[in-house]
Amino acid sequence: MKLILLGAPGVGKGTQAQFVIEKYAIPQISTGDMLRESIKTGSALGKKVKEVMESGALVTDEIILDLVNARVRQPDCKKGFLFDGFPRTIPQAEALLKESIHVDHVIEIILQEDDIVARLAGRRVHVASGRIYHNLYNPPKVTDIDDVTGEPLIQRDDDKEGTIRVRMQVYRKQTEPLVSFYKAMSDSVQYSLKYTSVDGVGTAEEIRDRIFAALSD
Ligand code: AMP
């Protein structure tokens, strides 16, 4: 199973990715997580991308493609993988085709912009584990504290309201064209790719069940 989770920032891709990788026992390839990891370790790459990420803009295709090309060649990706937050531009999607990295299914999660802003502004993260909470929809047992370790939760810098609006604009301009790109591929007999749009309104479990139904069809 090779799939792409597509959708604007804040539609719940990270949360849904957890459900899917558990059920299908495949690794999650989140380019955002890989970049945040490189910032945490203070690597040369991390220094290069920190400011760009904090501004809400996209990191260059070249950097992203180097990361992804290396990752999909790891042995654990043989049985499949889930791309979360990648591809984010048409050139990234074209690079996948060029490298003969074919996906079976694209799942798009759809949500209105106001709902997205509310979701992102309430999101809290446990940095060490990547666990995601939400003040309203998925609160930790104690406000701003991780349930498992008792460590503090943080709000990502790029989840602050001003940056969220920038990220939405970036999504519409650079990533949304992928919707037509992949729909056209799924309509073409040349590719065996399936495209499903899923309504992102509801609880995490409701959305999960819609995605599972699409994948088992
Ligand atoms: P995410 O965690 O997927 O929301 O990504 C956070 C930030 O990392 C984005 O706002 C971009 O700056 C950068 N980023 C993550 N994935 C990509 C990608 N595929 N292409 C370009 N930039 C990316």
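Basis of the calculations
- Residues numbered from 1 in each chain as written.
- Predicted model: local features only at pLDDT ≥ 70, side-chain atom pairs only at ≥ 80, totals over all residues.
- Heavy atoms only, no water.
- Helix = DSSP H or I, 4+ residues; strand = E, 2+ residues; numbered from the N terminus.
- Rg over C-alpha atoms; globule rule 2.2 N^0.38 Å.
- Buried < 20%, exposed > 50% of the residue type's maximum accessible area, 1.4 Å probe, protein only.
- Areas by Shrake-Rupley, 256 points an atom, 1.4 Å probe, with all protein chains shown as cover.
- Lys, Arg positive; Asp, Glu negative; His and termini not counted.
- Charge placed at Lys NZ, Arg CZ, Asp CG, Glu CD.
- Salt bridge = Lys/Arg side-chain N within 4 Å of Asp/Glu carboxyl O.
- Polar contact = N/O pair within 3.5 Å; in protein donor to acceptor, adjacent residues only side chain to side chain.
- Contact = heavy atoms within 4.5 Å.
- Near = heavy atom within 4 Å.
- Nonpolar A, V, L, I, M, F, W, Y, C, P; charged D, E, K, R; others polar.
- Phe/Tyr/Trp six-rings, centres within 6.5 Å; stacked < 30°, edge-to-face > 60°.
- Core = buried A, V, L, I, M, F, W, Y, C linked by side-chain atoms within 4.5 Å.
- Pairing = 2+ DSSP bridges.
- Axes fitted to C-alpha atoms, helices over the stretch in contact; angles between N-to-C directions.

1. Side note on the overall build of the protein chain
Now for step 1: Counting its regular elements, the protein chain contains nine helices and seven strands.
Now for step 2: Here the C-alpha atoms of the protein chain give a radius of gyration of 17 Å, agreeing with the 17 Å that 2.2 N^0.38 yields for 217 residues.
Now for step 3: Projected onto its principal axes, the C-alpha coordinates of the protein chain cover approximately 50 × 40 × 35 Å.
Now for step 4: Relative to its full complement of 217 residues, the protein chain shows a buried share of 45%.
Now for step 5: Total accessible area on the protein chain is roughly 11200 Å²; 52% of this is exposed by carbon and sulfur atoms.
Now for step 6: In the protein chain, which carries 29 positive and 32 negative side-chain charges, the distance between the mean positions of the two groups comes to 3 Å.

2. Quick notes on the side chain of Glu 108
Now for step 1: Relative to the helices and strands, Glu 108 is located in strand β4 (residues 105-110).
Now for step 2: Notably, Glu 108 is buried but unbridged: the nearest opposite-charge side chain belongs to Lys 183, and the N-O separation is 4.7 Å.
Now for step 3: Among the polar contacts made by the side chain of Glu 108, one reaches the side chain of Tyr 195 at a distance of 2.8 Å.
Now for step 4: Apart from residues no more than four positions distant in its own chain, Glu 108 is found in contact with Leu 6, Val 179, Tyr 195, Thr 196, Ser 197 and Val 198.

3. What about the site of the ligand?
Now for step 1: Residues in contact with the ligand amount to 16 residues; listed here are only the nearest, Thr 31, Arg 36, Ala 57, Arg 88 and Gln 92.
Now for step 2: Contacts to the ligand include Arg 36, whose side-chain N or O atom sits 2.9 Å from an oxygen atom.
Now for step 3: Taking Gln 92, its side chain carries an N or O atom lying 2.9 Å from a nitrogen atom of the ligand.
Now for step 4: At four residues, helix α2 (residues 31-40) tops the list of elements feeding residues into the shell around the ligand.
Now for step 5: For the shell around the ligand, the per-class residue count stands at seven nonpolar, four polar and five charged.

4. Thoughts on the packing of aromatic side chains
In this description, an aromatic ring pair is defined by two values, namely the gap between the centres and the angle between the planes.
Now for step 1: With the rule as written, the count across this model stands at three aromatic pairs.
Now for step 2: Considering the side-chain rings of Phe 81 and Phe 83, the 4.7 Å spacing of their centres and the 50 degrees angle between planes classify their relative orientation as tilted.
Now for step 3: With relative accessibility at 0%, the residue Phe 83 sits in the buried group.
Now for step 4: Aromatic pair Phe 83 and Phe 86: ring centres 4.9 Å apart, planes at 70 degrees, arrangement edge-to-face.
Now for step 5: Following the ring pairs from residue to residue traces out a cluster consisting of Phe 81, Phe 83 and Phe 86.

5. Remarks on the nonpolar core
Now for step 1: Membership of the largest hydrophobic core comes to 30 residues, with the highest contact counts inside it found for Leu 35, Phe 83, Val 106 and Tyr 182.
Now for step 2: Elements with a minimum of two residues in this core: β1 (2-6), α3 (44-55), α4 (61-72), β3 (81-84), α5 (90-98) and α8 (177-187).
Now for step 3: With near-sequence residues (within four places) excluded, Tyr 182 lies in contact with Ile 4, Pro 87, Ala 93, Leu 96, Val 106, Leu 193 and Tyr 195.
Now for step 4: Grouped together as the second largest cluster of nonpolar side chains are 24 residues, Leu 5, Ile 107, Ile 109 and Leu 120 included.

6. Overview of the sheet that holds β3
Now for step 1: With parallel pairing, the five strands of this open sheet are ordered in space as β2-β3-β1-β4-β7. At either margin of the open sheet sits one strand with a lone partner, and together these are β2 (28-30) and β7 (194-199). Between one strand axis and the next, the sheet turns through 20 degrees on average, direction left out of account.
Now for step 2: Here β2 pairs with β3 via three bridges, running parallel. Considered in β3, the bridge of Ile 29 is made with Phe 83.
Now for step 3: In this fold α2 packs onto β2 and β3, with an angle of close to 65 degrees to the strand it touches most, β2.

The values reported here are purely geometric and, on their own, carry no functional implication.
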